[in-house]
Amino acid sequence: MSTQSAWLTKSAAELAAALAAGEVTSVELTQAHLDRIAAVDGNAEAGVHAFLHVDTEGALAEAAASDARRAAGEPLSELDGVPVAVKDVLTTTGLPTTCGSKILEGWVPPYDATVVRKLKAAGLPILGKTNMDEFAMGSSTEHSAYGPTRNPWALDRIPGGSGGGSAAAVAAYEAPLALGTDTGGSIRQPGAVTGTVGVKPTYGALSRYGLVAMANSLDQVGPVTRTVLDAALLHELVGGHDPLDSTSIDAPVPALAAAAREGALGDLSGLKVGVIQELAGEGYQPGVLARFNEAVELLVGAGAEVVEVSCPSFVHALATYYLVMPCEASSNLAKFDAMRYGLRVLPEGVDAPSAEEVMRASRDAGFGDEVKRRIILGTYALSSGYYDAYYGQAQKVRTLISRDFEAAFASVDVLVSPTAPTTAFKLGEKLDDPLAMYLNDLATIPANLAGVPGMSLPAGLADEDGLPVGFQILAPATEDARLYRVGGALEALLEKKWGGPLLAQNPTLASLESAATEGAAR
Amino acid sequence: MSALPSFDEVLASYDPAMGLEVHVELNTNSKMFCGCPTAFGAEPNTQVCPTCLGLPGAMPVVNAKGVEAAIRIGLALNCEIAEWCRFARKNYFYPDMPKNFQTSQYDEPIAFEGYLDVDVDGDTFRVEIERAHMEEDTGKATHVGGATGRIQGADYSLIDYNRAGIPLIEIVTKPILGAGERAPEVAKAYVAALRELIVALGVSDARMDQGSIRADVNLSLAPKAPAGSTAGEVVLGTRSETKNVNSLRSVERAVRYEMQRHASVLDAGGKVLQETRHWHEDTGVTTSGREKSDAEDYRYFPEPDLVPVAPSREWVEELRGTLPELPWVRRARLQAEWGFSDLEMRDTVGAGAFDLVEQTIAEGSAPQAARKWWLTELARRANETGVDVAELGVSPAQVAAVQRLVEGGTINDKLARQVFDGLLAGEGTPEEIVAARGLEIVSDDGALSAAVDKAIAENPDIADKIRDGKVAAAGALIGAVMKEMRGQADAGRVRELVLEKLA
Ligand SMILES: [Zn+2]
């Protein structure tokens, strides 16, 4: 089958309809995507490099089983047979889970993350595991121990992070759907810079069981797709309470796909939209602001009332995040000690190394610099005598940020901002400047700190570089449906203006295949 | 090491301050944060799952039964129960810790500010409880090779994670001051009372020998306050923490030893190190473990993977309603009911026969008779065979039946002993044994009268004395009759007949 299969550019909803109508089989679809991966994904040196592990055999077997179910008239779900990619931070039985780290090289979990179990229970073939910054620490996927993922819009640019692999896979038509995780923007910012849709659901809306934690109080699993409706379908499929995660919300999953479809009708009359003053202006690329403002005008045109709102505590969000996250991460990553699984390195020049020496040598060899930086930060901030000044204070600011959201949502239904301050920057450009890298998450972090849901969807291309710009929508906790309604409306209005999806305008798409092949030949 | 000062010498110069930390392993069916079973003695690493092995991505979920047990323990210790509290991570690296942090509680314990009144030789000593909190046990490491059985110097170590995640309640006292010379006894009495309480609550196997109750003894000495000085601010000395003292007797011995050791250091002008020490049951001494320094920083912070525990007041009150009568309250009540003296009561408890006596009385026996059988006849036999009286093989119902036979005049006390022989030999019920062995007392006047006549005829001197009014001499004749009848005579009736015939 050709890697240019017409099915590749379809949305998951369209693929599901085609499967239901018998126009295509899951094996054909899955094979088409596997071929596409083989053609464009390349490796650490060239190509998109969205995948760390591809499960050809497993995906095709599941696809065949799906076709049998369809034939018997017993599909497990609407998306039964539609292939999906999974970020390598979610555990998968029988498939390696490395979290982009050397310390977990070769580790095959004995259990599935709850969201993965739900994918399997719904009959979605899993194509493979996608690349990420090591333990989800980064905004560019350059911190993957296995080499960076490249942006399908410009292969010399970053795909965002930490979930650059999932976003790039979807943007390069290597998968119609993917799961990501978002701790400070790791779904939304890659979505923004690759021209795709990414949603960070309400904290607790999806189970975190089997998500290898970076910062437990901020982490959330979410959908990475090309359309708002697809995100809603995937979100509904994997969402809901999990008895294995007591922080998951014990309530039925809201009707998200219905909200997306309603939104696509384009009528937003009665909706009140707040533009966050603190998240638009200084530090934002002019092209980003221009597309953002145009999108806001489209919302007004659809009947929404737009007002400016102020969230004064948001200026402290980044500092707060960089205390809470490393503190939790430093403790989470302590388990990687070479005693039970993962990399084990024996220290050189030591005859009979002690457990402590093996732990030290293994952690030194297994963790990358960014991970070590955050472990050190967190360990320091939690130390006795510093706890109150750092972690304790950060929790108080977190409360203030939540109050800002509450105050804002008292007068508006949703808040909006650009997702990221800039379009995709060049690989290596910010690698030596962690602070500049951290600034990328300025607009996405407040939602994680407060636990509210956020969506990023494409708003167009920046004039100065022709690269995608992301539009962020934020809603009150558990009101995820509002994201899909507003996002569905904006997507419809924008695509009408563009005459089709933004990804169709990607000038690099046509050359992805040759780039990967040439890279492999080098 | 130079000889330690005597205990009296220690007391002449110093006042001890103690703190006791007792870990109680709960007997819940599943672990604190996962569904794994908790049964003792399974094959190593067979009762484990991703959560208690700390595998990447696995998450904990609180065992409600563990919380319930913690609240009941807290209530029994007269504690306040938190309306809202959280678990916290205690971070440190050790191979028996799957996650390299222990899920525990830090500044928000489930129970706090309580007390336990313990009896020390008839005096009540109030031990104040600072807190009782929930946590998980670690795995169990066995260090193979090396001289000490510790990780340092071992050839290799084996770790069994079956124990990792088993629920523990840690009960911490406030500093116990003013116990003076009785400090070792107070420590022992406290742990004993706590253990009894735990047993009555039914929340733990409470086996110190299996480690389901483990005591850590903190001890420090302060220079003795001059006589007559007003009790000002208490300045505590540097403390040592002796870990895993695993019997009641060892608790007492460890306190005594540490008091003497501290005094010897202080007497020599030295400084007591703040350190962990290990207790050696065999030699009765403690040795230095790791020094507790600033490096021991556990970096506690609230566990973000668990929701706060917020027991409703209704639930707490419901659990208060399930508290059993406290063991010592129950004992005082029954002592009064039974009319036992303090000495009789202490002996009964000391012999491990309290429950047996209570059940025997419940089966209809008179209290004193029940006490008598268990503490004399049966205790002796248990002692001879080297078992606990409870494991002798005689049931309270059987003892009550024997006593009924005695009171009904079928047998007497002496014959009852043969019934117990029969019971231990498995010869059937007391009634069957009396019948089979022909033990029934003869109260038939014909047979008795002939035996009395014979005794009078054989002992004319004694008979004369009785005729002269020396009734006390009747005992000798009665004895002769009983001998003739092989003990199976109704002694009361024999006496009546003797006195009638010699009136
Ligand atoms: Zn377990």
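Values in this document were obtained by computation on a predicted structure and should not be read as measured data. (Residues numbered from 1 in each chain as written. Chains lettered and ligands numbered in written order. Predicted model: local features only at pLDDT ≥ 70, side-chain atom pairs only at ≥ 80, totals over all residues. Heavy atoms only, no water.)

## Structural notes on the overall build of chain B
In step 1: Along the backbone of chain B there are 16 helices and 14 strands.
In step 2: Counting every position in chain B, which comprises 503 residues, the buried fraction comes to 48%.
In step 3: Of the roughly 23400 Å² of accessible surface on chain B, 49% is carried by carbon and sulfur atoms.
In step 4: The positive charge centre, built from 53 side chains, and the negative charge centre, built from 78, are 2 Å apart in chain B. (Helix = DSSP H or I, 4+ residues; strand = E, 2+ residues; numbered from the N terminus. Buried < 20%, exposed > 50% of the residue type's maximum accessible area, 1.4 Å probe, protein only. Areas by Shrake-Rupley, 256 points an atom, 1.4 Å probe, with all protein chains shown as cover. Lys, Arg positive; Asp, Glu negative; His and termini not counted. Charge placed at Lys NZ, Arg CZ, Asp CG, Glu CD.)

## Regarding the interface of chain B and chain A
In step 1: Contacts between chain B and chain A engage 31 residues on the former and 38 residues on the latter.
In step 2: Counting the surface lost from both chain B and chain A, the interface buries some 2600 Å², and carbon and sulfur atoms represent 61% of this.
In step 3: Sorting the residues of chain B by area buried against chain A places P56(B), M59(B) and R299(B) first, and these three jointly supply 24% of that buried surface.
In step 4: Inspection of the region where chain B meets chain A yields 1 salt bridge.
In step 5: Taken together, chain B and chain A are joined by 13 residue pairs in polar contact (both at pLDDT 80 or more). (Contact = heavy atoms within 4.5 Å. Buried area = accessible area lost by both parts, 1.4 Å probe. Salt bridge = Lys/Arg side-chain N within 4 Å of Asp/Glu carboxyl O. Polar contact = N/O pair within 3.5 Å; in protein donor to acceptor, adjacent residues only side chain to side chain.)

## Focus: the domain arrangement of chain B
In step 1: Its domain assignment divides chain B into domain 1 (7-316), domain 2 (327-437) and domain 3 (445-502).
In step 2: Computed from C-alpha atoms alone, the centre-to-centre distance between domain 2 of chain B and domain 3 of chain B is 32 Å. (Domains from an automatic or database assignment.)

## What about empty space enclosed by the protein?
In step 1: One pass over the structure, following the stated rule, counts 6 cavities of 30 Å³ or more.
In step 2: The calculated volume of the largest cavity comes to roughly 240 Å³.
In step 3: In this structure, the largest cavity is lined by 23 residues; those nearest its centre are A58(B), M59(B), P60(B), K99(B) and D305(B).
In step 4: When the residues that make up the lining of the largest cavity are grouped by side-chain class, the tally is 9 nonpolar, 7 polar and 7 charged.
In step 5: What lines the second largest cavity is simply G195(A), R226(A), P458(A), E491(A), L494(A), E495(A), W498(A), P501(A), L502(A) and L503(A). (1 Å grid on protein atoms, 1.4 Å probe; cavity = no way out; pocket = protein on both sides within 12 Å on 5 of 7 lines; lining within 4 Å. Points joined across faces, edges and corners; volume = space filled by probe spheres on them. Nonpolar A, V, L, I, M, F, W, Y, C, P; charged D, E, K, R; others polar.)

## With respect to the coordination of the zinc ion
Residues and elements named next belong to chain B.
In step 1: Distances from the zinc ion to its protein donors, C34 (SG), C36 (SG), C49 (SG) and C52 (SG), fall within 2.3 to 2.4 Å.
In step 2: Of note is the zinc ion, whose 4 donor atoms meet at the metal with angles of 101 to 115 degrees in an arrangement that counts as tetrahedral.
In step 3: Sequence spacing of the donor residues for the zinc ion, all on one chain, is C-x1-C-x12-C-x2-C.
In step 4: Look at C36 and you get buried, because its relative accessible area is 7%. (Donors = N, O, S within 2.8 Å, 3.2 Å for Na, K, Ca; no water. Tetrahedral: all angles 85-135°; square planar, octahedral: opposite > 155°, others 65-115°.)

## Things to note about the sheet that holds strand β4 (residues 101-104) of chain B
In step 1: In space, the 3 strands of this open sheet follow the order β4-β3-β14 (chain B), with antiparallel pairing throughout. The open sheet is flanked by β4 and β14 (301-302) of chain B, the only strands paired with a single partner.
In step 2: Here helix α10 (residues 317-332) of chain A sits on the sheet in contact with β3 (88-91), β4 and β14 of chain B, set at roughly 60 degrees to β3(B). (Pairing = 2+ DSSP bridges. Axes fitted to C-alpha atoms, helices over the stretch in contact; angles between N-to-C directions.)

## Focus: the pattern of salt bridges
A side chain of one charge can pair with a side chain of the opposite charge when the charged atoms of the two come close.
In step 1: What the rule picks out here adds up to 57 salt bridges over all chains.
In step 2: Close ionic contact of E479(A) with R482(A) constitutes a salt bridge, the shortest N to O distance being 3.8 Å.
In step 3: E479(A) sits in the partly exposed class, given a relative accessible area of 31%.
In step 4: The salt bridge partner of K65(B) is E68(B), with a shortest N-O separation of 3.9 Å. Separated by 3 residues within a single helix, K65(B) and E68(B) lie in helix α2 (residues 64-76), roughly one turn from each other.
In step 5: On the basis of relative accessibility, which here comes to 23%, the residue E68(B) falls in the partly exposed class.
In step 6: One network of salt bridges, in which partners are shared, links E377(B), R380(B), R381(B), E384(B), R417(B) and D421(B).

## Some details on the nonpolar core
In step 1: Residues L90(A), F135(A), F471(A) and Y484(A) are the most contacted members of the largest nonpolar core, which totals 122 residues.
In step 2: No other element matches the 7 residues that α10(A) contributes to this core.
In step 3: Ignoring anything within four residues of it in the chain, the contact list for F471(A) reads F292(A), A295(A), V296(A), L299(A), V416(A), S417(A), T419(A), M455(A), S456(A), L457(A), A459(A) and L490(A).
In step 4: Listed in part, the 69 residues of the second largest apolar core include I73(B), A215(B), Y257(B) and L306(B). (Core = buried A, V, L, I, M, F, W, Y, C linked by side-chain atoms within 4.5 Å.)

## So, helix α8 (residues 256-264) of chain A
Residue and element names in this part refer to chain A.
In step 1: What α8 keeps buried is the set L256, A257, A259, A260 and G263. Axial view of α8: buried residues confined to an arc of 160 degrees, hence all on one face.
In step 2: The elements touched by buried residues of α8 are α7 (228-238) and α16 (480-498).
In step 3: A positive phi of about 90 degrees marks G266, the residue just after α8. (Arc of directions from axis to C-beta.)

## Comments concerning the side chain of S204(B)
All names here are of chain B.
In step 1: Considering the arrangement of structural elements, one finds S204 in the loop between α3 (183-201) and β10 (213-223).
In step 2: A polar contact is formed between the side chain of S204 and the backbone oxygen of E25, at a distance of 2.8 Å.
In step 3: One polar contact links the side chain of S204 to the main-chain amide nitrogen of A206, over a distance of 2.9 Å.
In step 4: Each residue touching S204, except ones within four places of it in the same chain, is listed here: V24, E25, L26, N27, I198 and S212.

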